[in-house]
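Structural overview for review
In case you want the letters, here they are:
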Amino acid sequence: MKKLTLILLLMLAYAFPAVACTNFIVGKNASTDGSVFVSYSADSYGMFGFLAHYPAGKWDKGTMLPVHEWDTGKYLGEIEQAPVTYNVIGNINEYQLAIAETTFGGRPELVDTTGILDYGSLIYITLQRARTAREAIKVMTDLVKEYGYYSSGESFSIADPNEAWIMEMIGKGPGVKGAVWVAVRIPDDCIAAHANHSRIHRFDLNDKNNCMYSPDVISFAREKGYFSGKNSEFSFSKAYAPADFGAVRYCEARVWSFYNKFVTDAAPYISYIEGESDEPMPLYFKPDRKLSRQDVQDAMRDHFEGTPLDMTKDLGAGPYASPYRFSNLEYEVDGVKYFNERPTSTYQSGFTFVAQMRAELPDAIGGVLWFGLDDANMCVYTPVYCCTDRVPYCYSDRDASYTKFSWDNGFWIYNWVANMVYQRYSLMFPEILKCRQKLEGLFANNQTAIEERAKQLFDTDRDSAKKYLTDYTEAMADVAIDNWKKLGEFLIVKFNDGLILKTDGMEFEVNEYGKLAPFVRAEYTKDYLRQVIKTTGDRYKIPAE
């Protein structure tokens, strides 16, 4: 094979740059069951989400791999293929290595438009070549050194069953190969997060076991005039991605909200988020309690509920307390600029996952990508085992795209239901929640028995164990989407034309003659009506008799 014909399958068709993502990290001693967790929401307007697969392979010397930009599909060049590549399903490989990202941008003059590797291709090529987090960091940094880094500044979550790291990377400018970067290991008993802003400030230059960095990470900043202090005072974030209002309020706010759920000491940092303090948050915290997988999944569904940034409490939430805003993040009225909050959970997500890695289990069983399409708050996380070697049809990009709807496609089924709910949130979301909890409870309850059976098979026939887990992955994806279709049918009937029909479970009540039972009409809250009256005055006031 002199020319590789396998094109990178993970490109999201016709997608725009994914510059609004969120990652949460949980160390193995900070989780309830010893798992390492990494979560991700791939957020970008116009992004069609699906689950990608790269099968394991062996390649002849001289085989070349074409590289296409993950966001747009643009051809960037080609690199030499590795002799052996590993099975990758979504953002996890067969050795329980998981990688996620958030774009922080940073100094625009450092983007190298001649580079061959963008952040997305770098992730998925690395997953095919590395077995551990440390090996992944070396693969990623060696690749950009050899072939050039095409993207702007990026934060990567890189984790295996034993440890988790945050690596931040930015290029060196047009025509200059390589990148400056730093990687910090998250302590096993801590949690961390990043969300489109560089979060690594000072780091220990002498702790080689828990901190890695490019040799010129400080000297390059000096050369460019970004830094002039002592080495011990160097901040990667301040040098390469100076914070502005948006970096703090739109990005760090998501990080703060995650910490605020599990760390008492995080609460005072609301002053940083609201612009009253310039002291940034630590890179990681030790949580008050250990986190479960469900905790991480639920954190991905956050809209700042119960905090000063709660999106359900102001007029923008509409009559049904919606935490969603369809207008631009920033807008201008009468010459004055305003903004909307930017939460973790957002409607423009293409896909989302919580990766679970467990050292005490064989890799094929220990690595699970809990995967969902569209908004984390409006979908179900289903188990995708890291040994899975085929994509469930409902999670694929076959016969569907962002411009082609399909009743058999999970991305579109979740979006169909979500778009019914957004504007009538407080009325309809409780039905979403019930269905979601039922399904995720089912998957959680199944997990022990499924994995016990897989271990029995693994001891005698590893291929049978992998097939068993692949079949289970596919079956649970189908269960989720089938149930969501039924949920959508139920919602459109129950809430049709502003009515709320009486139900017994998923069945609609009828009267003694078999006709529609008495129903309730949806009403606006008094607080919302007061706002209407404030705006319209006496226009709709009924005259006194």
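The structure presented is a predicted model; accordingly, all values stated were derived computationally and were not measured.

All right, on to the packing of helix α1 (residues 119-127) against helix α2 (residues 133-147) then. It is at 10 Å that the axes of α1 and α2 come closest, and there the two elements cross at 130°. By the angle class used here, α1 and α2 are oblique. As α1 packs across α2, the resulting crossing turns out to be right-handed. Contact with α1, carried on its side by Leu122, Ile125 and Thr126, involves Ala136, Val139, Met140, Leu143 and Val144 of α2 and no other residues of that element.

Another point: the packing of aromatic side chains. Taken as a whole, this structure holds 44 aromatic pairs when the rule is applied. Ring geometry for Phe245 versus Phe339: centroids 5.2 Å apart, planes at 70°, classification edge-to-face. With Phe245 in helix α5 (residues 245-262) and Phe339 in strand β18 (residues 336-339), the pair connects residues that are 94 residues apart, well separated along the chain. Accessibility expressed as a relative area gives 27% for Phe339, which makes it partly exposed. Residues Tyr331 and Tyr338 carry aromatic rings whose centres are separated by 5.7 Å and whose planes lie at 20° to one another, so their mutual orientation is stacked. Judged by relative accessible area, which is 33%, Tyr331 ranks as partly exposed. Assessed through its relative accessible area of 40%, Tyr338 is described here as partly exposed. The structure contains a cluster of three or more aromatic residues connected by ring pairs, namely Phe48, Phe50, Tyr402, Phe405, Trp407, Phe411, Trp412 and Trp416. The cationic tip of Lys172 hangs over the ring face of Phe220; the distance from NZ or CZ to the ring centre is 5.9 Å.

Another point: unusual backbone geometry. Positive phi outside glycine occurs at Asp374, with the angle close to 70°. When you line up the elements, Asp374 lands in the loop between β20 (368-373) and β21 (382-385). For Asp374, a relative accessible area of 0% corresponds to the buried category. With a phi close to 55°, Asp497 is a non-glycine residue in the positive phi region. One can find Asp497 in the loop between α11 (462-494) and β22 (499-500).

If you trace the 7 strands from one edge of the open sheet to the other, you get β16-β14-β1-β2-β19-β20-β21, paired in antiparallel fashion. Lying at the two open borders of the sheet, with one neighbouring strand each, are β16 (284-285) and β21. Pairing of strand β14 (residues 191-194) with β16, which is carried by 2 bridges, proceeds in the antiparallel orientation. Each residue of the ladder has a partner; that of Ile191, found in β16, is Phe285. Its contacts with the sheet put helix α10 (residues 425-460) on β19 (349-357), β20 and β21, and the angle it makes with β21 is roughly 30°.

Turning to the environment of Leu457, a few remarks are in order. Within the secondary structure, Leu457 is located in helix α10. What makes Leu457 buried here is its relative accessible area of 15%. Through-space distance from the C-alpha of Leu457 to that of Tyr468 is 8.6 Å; in sequence the pair is 11 residues apart. With sequence-adjacent residues up to four places away left out, Leu457 is seen in contact with Arg462, Ser464, Ala465 and Tyr468.

The rules behind each value
Note that residues are indexed from 1 along each chain, following the sequence as it is written. Side-chain atom pairs in this predicted model are given and counted only at pLDDT of 80 or more, local residue features only at pLDDT of at least 70, and totals for whole chains, interfaces and linings cover all residues. Computation of side-chain values covers all heavy atoms of the structure but excludes hydrogens and water. Simply put, an axis is a line fit to the C-alpha atoms, just over the touching stretch for a helix, and the angle between two N-to-C directions goes from 0 to 180 degrees. Only DSSP runs of H or I reaching four residues or more are called helices, and only runs of E reaching two or more are called strands; each is numbered from the N terminus. An angle below 35 degrees is read as roughly parallel, one above 145 as roughly antiparallel, one from 65 to 115 as roughly perpendicular, and any other as oblique. Two helices crossing with the near one rotated counterclockwise from the far one by less than a right angle form a left-handed crossing, whereas a clockwise rotation gives a right-handed crossing. We call two residues in contact when some of their heavy atoms are within 4.5 Å. Any Phe, Tyr or Trp ring, taking Trp's six-membered ring, that has another such ring centre within 6.5 Å forms a pair; planes under 30 degrees apart are called stacked, those over 60 apart edge-to-face, and the others tilted. The buried label goes to any residue with under 20% of its type's maximum accessible area, the exposed label to any with over 50%, and the partly exposed label to all in between, with areas taken from a 1.4 Å probe on protein chains only. Ring-over charges, as used throughout, are those where CZ of Arg or NZ of Lys falls within 6 Å of the ring centre and within 35 degrees of the ring normal. Note on pairing: two strands pair once DSSP finds at least 2 bridges between them.

The values are spatial; any link to function lies outside them.
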